[in-house]
Amino acid sequence: MGPLYPRAHGLLDGKVTLVTAAAGAGIGYATARRCAEEGAVVVVSDRHERRLGEAAEALAGLTGVKPLAVPCDVTSQEQVEELFEAVERRHGRLDVLVNNAGLGGTAELAAMTDEQWHAVIDVTLNGTMRCTRAALRRMFAQGSGVIVNNASVVGWRAQRGQAHYAAAKAGVMALTRCVALEAAGHGVRVNAVAPSLAVHPFLAKVTSEDVLAELTAREAFGRSAEPWEVANVIVFLASDYASYMTGEVVSVSSQHP
């Protein structure tokens, strides 16, 4: 028997919450859904405009409220600024930012091109930095806020073919810890989650069965996480239940070193 989907407890009542890379069937959409179920005023963003619209419609069908949906490529500083300005225009504030945007890929370093390296770093690390910077400027002005970054266990452990992704996710972890110190005096908390394997239809489509089986075998429960199980931890970190947590990277896996 699999895990039971949780009941809502109003953990984010009224909090304006922006989730990046929220289209599709992965952690981003699961997080937007869980935040909405917990009472948040959700804003969703993604660079895939059609899928973003579908995600917004799906959330509206589940919650009765259609969220603001703003297309954004986090590799563009201009688009990032437009995203945060759109949140301000609609809602007047930003209480929670979930940096979920990331780009993967498999290539061993000796055969990797500069383009492959830079593409992963620019979305996964630089994109997180751009959105974090934009959020901090607004949260500092209001004297409160929470940022939750999506890192990965590969930021801790080695995996062949993942040098670019692992470097980016380790960078997200370091960014989280440093920014947390800078933000604490402004009433802003910054934490991260480090999932291992959260299988959804797109990941299953682009990943070989052998690799999925190998990664699943490493897990204590003998299965991959459901995307909403990772989202639950994000919701906790975004909520007031985590009011004394900052600068932490929380493993959503048994693979913390």
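Up top is the structure.
Peer 1: For this particular structure, what's the right way to read helix H8 (residues 227–238)?
Peer 2: Side chains of residues three or four places apart in an α-helix project in the same direction, reflecting 3.6 residues per turn. The end-to-end C-alpha distance of H8 is 17 Å, a good match for the 16 Å that twelve residues give at a rise of 1.5 Å each. Taken together, the buried positions of H8 are Pro227, Trp228, Glu229, Val230, Ala231, Ile234, Val235, Leu237 and Ala238.

Peer 1: Whenever I open this one, the sheet that holds strand S1 (residues 16–19) confuses me. Can you help?
Peer 2: Note on sheets: strands pair through backbone hydrogen bonds, and any given pair is parallel or antiparallel. Read from one edge of the open sheet, seven strands run S3-S2-S1-S4-S5-S6-S7, paired in parallel fashion. Both edges of this open sheet fall to strand S3 (68–71) and strand S7 (249–252), since each of them pairs with a single strand only. If you compare each strand with its neighbour and ignore which way they point, the axes differ by 20° on average. Sheet topology note: the S1/strand S2 (residues 41–46) ladder contains four bridges and is parallel. Residue pairing in the sheet places Val16 in a bridge with Val41 of S2.

Peer 1: Teacher, can you tell me more about the packing of aromatic side chains here?
Peer 2: Between two aromatic rings, the relevant description is the distance of the centres plus the angle of the planes. Counting across every chain of the model gives one aromatic pair. Both rings, one in Tyr5 and one in Trp228, keep their centres 5.0 Å apart while their planes meet at 65°; by these two values the pair is edge-to-face. One end of the pair, Tyr5, is in the segment before S1; the other, Trp228, is in helix H8, with 223 residues separating them in the sequence. Judged by its relative accessible area of 15%, Trp228 falls in the buried class.

Peer 1: I'm lost on the environment of Met139 in this one. Help?
Peer 2: Relative to the elements of secondary structure, Met139 occurs in helix H4 (residues 114–142). Looking at Met139, the relative accessible area reads 0%, which means it is buried. As a C-alpha pair, Met139 and Phe84 span 55 residues in sequence and 11 Å in three-dimensional space. Aside from chain neighbours lying at most four places away, what touches Met139 is Leu94, Asp95, Val96, Leu97, Ser144, Gly145, Val146, Ile147 and Val188.

Peer 1: I tried to follow the pairing of strand S6 (residues 188–195) on my own but got confused; where do I start?
Peer 2: The two faces of the sheet receive side chains in turn, since in a regular strand these alternate between them. For S6, the tally of buried residues reaches eight of eight residues, placing the bulk of the element in the interior. Residue alternation in S6 divides its side chains into two sets, Val188, Val190, Ala192 and Ala194 and Arg189, Asn191, Val193 and Pro195, and both sets are buried. Judged from the six bridges that link them, strand S5 (residues 145–150) and S6 form a sheet pairing that is parallel. From the neighbouring strand, Val148 faces S6, where its bridge partner is Asn191. Where S6 meets S7, four bridges bridge the pair, whose relative direction is parallel.

Peer 1: Help me understand the pairing of S3, please; the structure alone is not making it clear to me.
Peer 2: With burial as the criterion, only one face of S3 is covered, namely that bearing Leu68 and Val70; the residues Ala69 and Pro71 on the opposite face remain uncovered. Sheet analysis places S2 next to S3, joined by four bridges and oriented parallel. Within S3, the position partnered with Ser45 by the bridge is Val70. With helix H2 (residues 49–63) bridging S2 and the parallel S3, this β-α-β connection has right-handed handedness.

Cut-off values and rules
- Residues numbered from 1 in each chain as written.
- Predicted model: local features only at pLDDT ≥ 70, side-chain atom pairs only at ≥ 80, totals over all residues.
- Heavy atoms only, no water.
- Helix = DSSP H or I, 4+ residues; strand = E, 2+ residues; numbered from the N terminus.
- Expected span 1.5 Å × (residues − 1).
- Buried < 20%, exposed > 50% of the residue type's maximum accessible area, 1.4 Å probe, protein only.
- Pairing = 2+ DSSP bridges.
- Axes fitted to C-alpha atoms, helices over the stretch in contact; angles between N-to-C directions.
- Phe/Tyr/Trp six-rings, centres within 6.5 Å; stacked < 30°, edge-to-face > 60°.
- Contact = heavy atoms within 4.5 Å.
- Right-handed = clockwise from strand over helix to strand, strands pointing away.

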